[in-house]
Amino acid sequence: MPLEHVVLVLAAALCAGWVDAVVGGGGLVQLPAVMVTGIPPVQAMATNKLSSVFGTASAAMTYARTTKLDRAVALPGVGLAVVSAGLGALAAAAISAEVLRPAVMVVLVGVAAFVTLRPAMGSVPQPHLRTNGRVVAAVMVAGVGIAFYDGIMGPGTGTFLIIAFTTILGLDFVSASASAKIINTGTNLGALFVFGWQGHLLWGLGLGMAVCNVAGAQLGARMALKRGTGFVRVVLLCVVVAMVIRLGWQQFG
């Protein structure tokens with residue numbers, strides 16, 4: 001691989017780690033950078049997961065040291081996420097991205113509108129929303145539905161997890177981001193197992209990207225913890241808009 005391509009991919013991994021740690025959606029940056037070098041799509045997705053699993057795990061540990069995790073959701077959710085994302089990765093070849101992209105775009109537009117029209121959402125915790133039924137719903141949505149989507153396609157997984165935890169459980173954005181990183185580590189692991197088993201991983205490139213991804217994740221997690229929910233909310237909206245534009249370009253451009 002030419003040196004300029006290596007520099008591009010490593011820089012993208014650093015940026016992606018930061019974005020992922022704050023609101024998720026780092027694949028929006030990292031995956032296109034890997035694919036533009038000419039690496040086949042499946043190998044690009046596999047190598048992206050290898051890098052991302054280190055970044056999300058690193059961010060999860062940083063959040064866990066300073067933020068109270070919702071263990072009742074995170075622990076069962078991460079176990080389900082490994083299995084569901086693995087099944088999603090197996091199903092990826094059978095489900096066309098051309099079918100999924102419009103549905104994801106509609107959901108993302110709804111997310112952007114929801115966050116914009118409800119500025120108080122995620123700014124402070126709303127513990128009155130938490131019930132046993134909602135905890136079960138959050139585990140199933142995150143650990144099964146969103147995790148399966150991550151195995152098939154992936155963009156915006158961390159963002160969807162944060163929105164799920166704020167709307168279903170009433171968590172603030174920082175606490176939701178902390179729990180999202182735990183689940184997202186599980187989704188990356190599940191898909192990674194399948195891609196590795198299928199022989200699609202580019203280990204050298206992926207591990208180099210992982211170092212940069214971890215550095216970006218550490219920076220992003222610390223900034224989110226320091227600057228609070230308002231900062232996370234702004235970054236969330238920016239990432240959602242960017243994802244809608246990217247998916248729209250892929251679908252219609």
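Residues numbered from 1 in each chain as written. Predicted model: local features only at pLDDT ≥ 70, side-chain atom pairs only at ≥ 80, totals over all residues. Heavy atoms only, no water.

Novice: Just to check I follow, could you spell out the overall build of the protein for this structure?
Specialist: What the protein contains, in helices and strands, is ten helices and zero strands. Along the protein, helices and strands appear, N-terminal first, in the series α-α-α-α-α-α-α-α-α-α. Summarising its shape, the C-alpha atoms of the protein cover approximately 55 × 35 × 35 Å along the three principal directions. Within the span of the protein, comprising 253 residues, buried residues form 55% of the whole. In the protein, the proportion of contacts linking residues at least 24 apart, taken out of those at least 6 apart, comes to 85%. Element-wise, carbon and sulfur atoms account for 74% of the exposed surface of the protein, whose accessible area totals about 10,600 Å². Charged side chains of the protein number 14 positive and 6 negative; the gap between the two group centres comes to 10 Å. (Helix = DSSP H or I, 4+ residues; strand = E, 2+ residues; numbered from the N terminus. Buried < 20%, exposed > 50% of the residue type's maximum accessible area, 1.4 Å probe, protein only. Contact = heavy atoms within 4.5 Å. Areas by Shrake-Rupley, 256 points an atom, 1.4 Å probe, with all protein chains shown as cover. Lys, Arg positive; Asp, Glu negative; His and termini not counted. Charge placed at Lys NZ, Arg CZ, Asp CG, Glu CD.)

Novice: Before we go on, may I ask you to explain the side chain of N48 in this structure?
Specialist: Turning to its location among the elements, N48 is positioned in helix α3 (residues 41-66). A polar contact is formed between the side chain of N48 and the side chain of Q30, at a distance of 2.5 Å. Sequence-distant contacts of N48, defined by excluding residues within four places in its chain, comprise G27, Q30 and L31. (Polar contact = N/O pair within 3.5 Å; in protein donor to acceptor, adjacent residues only side chain to side chain.)

Novice: Help me out: how do you make sense of the nonpolar core in this one?
Specialist: Most often, soluble globular proteins keep nonpolar side chains buried together rather than apart. With 52 residues, the main nonpolar core has V23, V73, L108, L161, F165, L169 and V232 as its most contacted residues. Among the elements that make up this core, the one with the highest residue count is helix α10 (residues 229-252) (nine residues). (Core = buried A, V, L, I, M, F, W, Y, C linked by side-chain atoms within 4.5 Å.)

Novice: Even after reading the chapter, I still don't get the pattern of salt bridges, so can you show me in this structure?
Specialist: When the charged atoms of two side chains lie near each other, side chains of opposite charge can form a pair. All chains considered together, the criterion is met by two salt bridges. Put simply, K49 and D150 hold a salt bridge, and the shortest N to O gap is 2.7 Å. Taken together, the positions of K49 in helix α3 and D150 in helix α6 (residues 132-152) put the pair 101 residues apart, joining distant regions of the chain. A residue is classified by how much of its surface remains accessible, and K49, at 9% relative accessible area, is buried. In this structure, the salt-bridge partner of R130 is D70, at a minimum N-O distance of 2.3 Å. You can see R130 sitting in the loop between α5 (97-117) and α6 and its partner D70 sitting in the loop between α3 and α4 (71-91), a full 60 residues away along the chain. (Salt bridge = Lys/Arg side-chain N within 4 Å of Asp/Glu carboxyl O.)

Novice: I'm lost on the environment of S84 in this one. Help?
Specialist: The residue S84 is located in helix α4 in this model. For the pair formed by S84 and A191, sequence separation is 107 residues and the distance between their alpha carbons is 8.7 Å. Sequence-distant contacts of S84, defined by excluding residues within four places in its chain, comprise G143, V144, A147 and F148.

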